[in-house]
Amino acid sequence: MSILTVEGLHKNYGPIQALKGISFSVPKGAVFGILGPNGSGKTTLLGIIMDVLKASAGTYKLFDEIPAAHHRRQIGTLLETPNFYHYLNAVENLSIAAAIKGRGENDIDQVLHTVSLDQRKLSRFSTYSLGMKQRLAIASSLLGDPDVLVFDEPTNGLDPVGIVEIRELIKKLNKAGKTIIMASHLLDEVEKVCTHVAILQKGTLITHGHVDEILVHEDIVEAGAEDPARLLAVLQEYNGPTKVYSHEQYVELLFPKGVANLASLNRFCFEKGITLNHLRVRKKSLEAKFFELTNASTNNRTPQPIK
Ligand code: ATP
């Protein structure tokens, strides 16, 4: 079953085209990352799905059906920082949230346990760290035990410890059977948490699919020697790689996934009189892929092919 299917979605704000015909689907059980830089249309997309905004054109389905209120009741959301009362504790704040949502009154202890706030549930909200505040917001989205969670930038503003806590929580929720759709501009975040990704740029969908498929069609082998120019010349004679190029202090070779054979490469260099002082396989990271796809290059992230 598909949790969400989006077809040809457009959104215009006056002359601004925030979404330009987006189509993808989110399978049940996925952690689906909507990834893109600021202004690429992520929040607009989530707003349409949650009926906060109207699409200018296109359609979408929830649970393979035309969306209705009862579908959205199966979706817990964290779209913006929720307004918790600073002078109330977690239990009191969630009681109010449950009353407003009309669901989850009996879930409060359970959801506070899930987000590991049980020990501090009677402390005032004003005494919470940012990470705890965000976990309380996620607890609120869990009221009523929805099957699907939609989070907009769930780690925004958190320190590294808070980011790891939310990341672990998202994985735990997914293991417990929740499908999670999350917008993020943090490539690393998506790579570490998501099973699927849709990459947006300026309202256009650049690519989407399983993270493993999007990321790793290729293995990159880094090779280093005392004389990099000579190494480069020698490796251009080596059979197997699709590209050989200099990148920073190493020569890099692109191989189709799983084809690289380090022992054979090492032997080849040795036979040509070159002793390697560095040899390793590096998976293409989502970051490298993202910059490749969006054609943006910063800090030499995009290597220049020579062959
Ligand atoms: P961010 O990560 O900065 O939140 P985003 O990827 O979520 O960005 P959106 O907030 O959906 O992107 O914005 C997409 C485009 O639509 C941007 O150019 C933005 O300026 C524009 N936009 C968003 N909301 C409005 C609005 N209410 N009125 C006019 N333009 C808007």
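I will try to describe carefully the structure that is included in this document. (Residues numbered from 1 in each chain as written. Predicted model: local features only at pLDDT ≥ 70, side-chain atom pairs only at ≥ 80, totals over all residues. Heavy atoms only, no water.)

Check the secondary structure of the protein and you find eleven helices and 13 strands. Counting all 307 residues of the protein, 48% fall into the buried class. Carbon together with sulfur atoms contributes 50% to the accessible area of the protein, which is approximately 15200 Å² in total. Positive and negative charge centroids in the protein, built from 34 and 33 side chains respectively, lie 2 Å apart. (Helix = DSSP H or I, 4+ residues; strand = E, 2+ residues; numbered from the N terminus. Buried < 20%, exposed > 50% of the residue type's maximum accessible area, 1.4 Å probe, protein only. Areas by Shrake-Rupley, 256 points an atom, 1.4 Å probe, with all protein chains shown as cover. Lys, Arg positive; Asp, Glu negative; His and termini not counted. Charge placed at Lys NZ, Arg CZ, Asp CG, Glu CD.)

Further remarks concern the site of the ligand. Within the structure, the ligand sits among Tyr13, Ile16, Ala18, Pro37, Asn38, Gly39, Ser40, Gly41, Lys42, Thr43, Thr44 and Glu153. Interatomic distance of 2.8 Å between a side-chain N/O atom of Lys42 and an oxygen atom of the ligand. Protein burial of the ligand: of its 640 Å² of free accessible surface, 59% is covered by the chains. Within the residue set of the shell around the ligand, elements represented by two or more residues are strand E2 (16-27) and helix H1 (42-49). Among the elements that line the shell around the ligand, the one with the most residues is H1, at three residues. (Near = heavy atom within 4 Å. Polar contact = N/O pair within 3.5 Å; in protein donor to acceptor, adjacent residues only side chain to side chain.)

Aromatic ring pairs are defined here through the distance separating the ring centres and the angle between the ring planes. What the rule picks out here adds up to five aromatic pairs. For the pair Phe24 and Phe32, a centre-to-centre distance of 5.1 Å together with 15 degrees between the ring planes defines the contact as stacked. Of the two residues, Phe24 and Phe32, neither departs from the other in class, the shared state being buried. A centroid spacing of 5.3 Å and a plane angle of 55 degrees characterise the contact between Phe84 and Phe125, whose relative ring orientation is tilted. Within this pair, whereas Phe84 is found in the loop between strand E5 (75-78) and helix H3 (90-101), its partner Phe125 is found in the loop between helix H4 (108-114) and helix H5 (130-142), the two being separated by 41 residues in sequence. Phe84 gets classed as buried once you look at its relative accessible area, which sits at 10%. The exposure class assigned to Phe125 is buried, which follows from its relative accessible area of 6%. Each residue in the set Phe84, Phe125 and Tyr128 is aromatic and connected to the rest through ring pairs, giving one cluster. (Phe/Tyr/Trp six-rings, centres within 6.5 Å; stacked < 30°, edge-to-face > 60°.)

In this section: the side chain of Glu222. With respect to the helices and strands, the residue Glu222 is situated in strand E10 (residues 218-225). Reaching out from Glu222, the side chain makes a polar contact with the side chain of His278 at a distance of 2.8 Å. Setting aside residues up to four positions removed in sequence, Glu222 forms contacts with Tyr250, Val251, Glu252, His278, Leu279, Arg280 and Arg282. (Contact = heavy atoms within 4.5 Å.)

By themselves these figures say nothing about function.
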